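Chain residues, written in single-letter form:
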Amino acid sequence: MSELLQVRRVAKTFDAREGQVVALRSIDLTVLKGEFVSIVGPSGCGKSTLLQIIAGLVPASSGEVLLEGRAVVAPPEGVVYLFQQYSRSLMPWLTVEKNVQFGLQNAAPERCAHFLDMVGLADFRARYPWELSGGMQQRVAIARALAAEPRVLLLDEPFSSVDALTRLDLNGLIMDLWTRTGITILLVTHDVEEAVYLSDRVALLTRRPAEVAQVFPNALPRPRSPVDSREDSRFLALRHELLTRLLQPA
Amino acid sequence: MFTFLRVHHLMTGMQLRGFAVVIGLLLLWELSVRTGAVRSESWPAISTILHALAGGFRTEGWGAVFGSSLYRMTAGFLLAAVVGISLGLLLGASERLHRIVNPTLEIVRVLPGPALIPPLIFLLGVDDALKIAVIAIAAVFPILLNTIAGVKAADPVHLLVARTFRVPRRRVLLEIQLPSALPYVFAGCRISLGIALIVTVVTEMLAGSAGVGYYIVSMQYAMRASEMYAAIILLSAIGYLINRLFLAVEQRSIRWAHRVEAHV
Amino acid sequence: MTGRLKALAPGLAFIAFWIAALEIAARAGWVNRVFSPYPSEIAARMGQVLGSPAFLEALGSTVGLLAAGYLLACAAGILLGLAMGYHRPTYTLFEPTLELLRPIPKPALLPPLILLLGLGAAMKIAIIFLGALFPVLINTIQGARTVDPVLVDVARTFRRGSLRTVFQVILPASLPLILAGMRVSLGLGLILVILSEMLTGSDGLGAKLVDAQRAFRVQEMYAWTVVLAALGLALALSFDALERRLIFWSSKR
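Residues numbered from 1 in each chain as written. Chains lettered and ligands numbered in written order. Predicted model: local features only at pLDDT ≥ 70, side-chain atom pairs only at ≥ 80, totals over all residues. Heavy atoms only, no water.

**A short note on the packing of aromatic side chains**
Residue and element names in this part refer to chain A. Counted according to the given criterion, the structure contains 13 aromatic pairs over all chains. Considering the side-chain rings of Phe36 and Trp178, the 5.7 Å spacing of their centres and the 80 degrees angle between planes classify their relative orientation as edge-to-face. In this pair, Phe36 is assigned in strand S3 (residues 36-40) and Trp178 in helix H6 (residues 164-181), connecting sequence segments 142 residues apart. A relative accessible area of 11% places Trp178 in the buried class. (Phe/Tyr/Trp six-rings, centres within 6.5 Å; stacked < 30°, edge-to-face > 60°. Helix = DSSP H or I, 4+ residues; strand = E, 2+ residues; numbered from the N terminus. Buried < 20%, exposed > 50% of the residue type's maximum accessible area, 1.4 Å probe, protein only.)

Dropping the structure here:
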């Protein structure tokens, strides 16, 4: 597998009222093509910021992000970022269908219908986002992202504001989509179990100013199942390791 | 029968008192003339006014008077809407342009409208062109200012979505900033419509030969108070109806804005 | 201060550009020099106008009558508005009357008032009062009704009587909305006083404006327009400054 994404010594400092805040001190990370990598860390450590830098939405203060060898300075072609506030990210004046088509230059209604179908919302084409539940809205956002046929999908805590069962449901959906499309996924989450369940590798960030503390390979075999895999000893071992590190006092 | 029951249910004791106040005042007015307490040509009884009001309908006089005004009002309003919305979109989207044009806008805005009329008479004459121009200038501001505010109120998350999908600038303006601004634009249009009506009347009062404003002033000069008051009443009623109608259109067109608020 | 000037610079440059354009157009004869605004001529006339005693008389008349009608309207509007906003029975008592009077376009009331009160100060104060009353009244009612109930309850736990509650809690809390209404009323009052002067042609800046218009002293007319614009601007800026002082605490700013 080739290296798709390289994050080299990325740092980010913000100007706040009280002075300068160093969110990221130095991040180094490599993601291979077709991989599923999760990024976990204490809350407020800058995970979302890192993802937005990789997405080209926020400039890094120093360091660089390379996508297939080319530097990322603006949202690059083939990379889509999925927002944490998914309900806010959908346009309330557009139907579900039109929302999915939004990211495309040419409407391509059949392609969008296909992805809507993939996320199980084919029947809700003509509805409006505010008529759907939280989980369904997130599916629309996912369909919209996939319709753009990206090579890299960046998920920013996509399931943090849905209930536990819906989250399991959406986990399964993401894994299924990943298996079928073979795209590279980078997931930021505060949910350790979700990270272990979904990914090939888990990167653990330190508290702010953040660095990569360690990247853990995931020995859990695929295909994975929602209940059984979570009882697998390899799942539990990685989960144990991650939680212990996260819960350590500073 | 059901309507009667509903009306009956609506009127509580307190609300009845409110309506009683209105009826009481109207009665007082009528009596003040009938008993001779106020003896003035300029203070006609309500019955006389209503008589004149009805008379205008019978002879279709009101049609001519108001038709002329409504035509100019609509023309001025539409002009204001086109300029206000397009300029508002531009200025809302471009901070630089906004800063350049803003002081000029602020000065024109605080200038008392009637003061524009004499200068414009010299530049545009006394015909419809003048009046429509004055109406448009007065009515453009609520639409313009609201559109600018509406564009600036576009959800930053929506703008980020546009960036991650690399949506071109033109599409962002038309497909995100314009729809986001729509609730504001509608509210601005509703206010503008009211202003357009008033300014139409004012221009006719100052430089007119037709329309409601001219009619009211003519009746004043001729000391025909009943006709004058009748016209004012009808004018108020029409203004009220236009406002209501527009509200109904507004609420149906942007259902999603209210729904979003309810959901959040 | 310099920061603000810098921010205004492009805007002022824009205005200066148009004044220069008008001047050049007039001098070159591209537009009718008699009827079009001729900035240097206007400036000269304005010098004459501002120097004359007639100006101060007119200004005094306009501003004085405006102040009288406006302050009366604000007082009445705020007092009645607080009563209606705080005391439900008072609200339902007067609400129908209010709803009936509100849609009447106030400029349309000028001719009746002229018939009833003549062409003098009484008529002008009356129209300003009627016009300025409603925005203040409606906003005060709205402000009083939407005061955070927590604040009202605080007053009640400390056993403040009704009157003190109204003046010490409701009034300050509604101040942003009241001031917004007062600003609209000020603009409306100015329009009405100028309009009444233009219709009656007696005293005041509006009368001077139509005077110049009818006598075809066109550039002088433009000078009066500029004076009126300056008056409008001065009133707006003063109000803004006053508002900033009074509601420095409001997050809505």
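**Details of the arrangement of the chains**
When the 2 pairs of chains in contact are ranked by number of contacts, first place goes to chains B and C. With no contact between them, chain A and chain C keep their nearest C-alpha atoms 18 Å apart. (Contact = heavy atoms within 4.5 Å.)

**Digging into the interface of chain B and chain C**
On the chain C side, the residues contacting the 41 residues of chain B number 48 residues. Taking both sides of the interface into account, the surface hidden between chain B and chain C amounts to around 4,000 Å²; carbon and sulfur atoms contribute 84%. Our count for the contact surface shared by chain B and chain C stands at 0 salt bridges. The interface formed by chain B and chain C includes 0 residue pairs in polar contact (both at pLDDT 80 or more). Looking at the side of chain B that touches chain C, the element that brings in the most residues is helix H2 (residues 13-34) of chain B, giving 8 residues. (Buried area = accessible area lost by both parts, 1.4 Å probe. Salt bridge = Lys/Arg side-chain N within 4 Å of Asp/Glu carboxyl O. Polar contact = N/O pair within 3.5 Å; in protein donor to acceptor, adjacent residues only side chain to side chain.)

**A closer look at the environment of Val217 of chain B**
Its place among the elements puts Val217 of chain B in helix H10 (residues 211-221). Placed 13 residues apart in sequence, Val217 of chain B and Glu204 of chain B show a C-alpha to C-alpha distance of 8.8 Å. Sequence-distant contacts of Val217 of chain B, defined by excluding residues within four places in its chain, comprise Met205 of chain B together with Pro111 of chain C.

**As for the interface of chain B and chain A**
The interface of chain B with chain A comprises 23 residues on the first partner and 25 residues on the second. Interface area for chain B against chain A, summed over the two sides, is near 2,300 Å², with a carbon-plus-sulfur share of 63%. A per-residue breakdown of the area chain B buries against chain A is headed by Thr164, Phe165 and Arg166 of chain B, which together make up 27% of the total. Inspection of the chain B/chain A interface yields 2 salt bridges. Salt-bridge contacts for Arg166 of chain B lead to Glu77 of chain A; the nearest nitrogen and oxygen are separated by 3.1 Å. Linking chain B with chain A are 11 residue pairs in polar contact (both at pLDDT 80 or more). Secondary-structure elements contributing two or more residues to the side of chain B that touches chain A are helix H8 (156-164), helix H9 (169-207) and helix H12 (255-263) of chain B. For the side of chain B that touches chain A, the element with the highest residue contribution is H8 of chain B, accounting for 8 residues.

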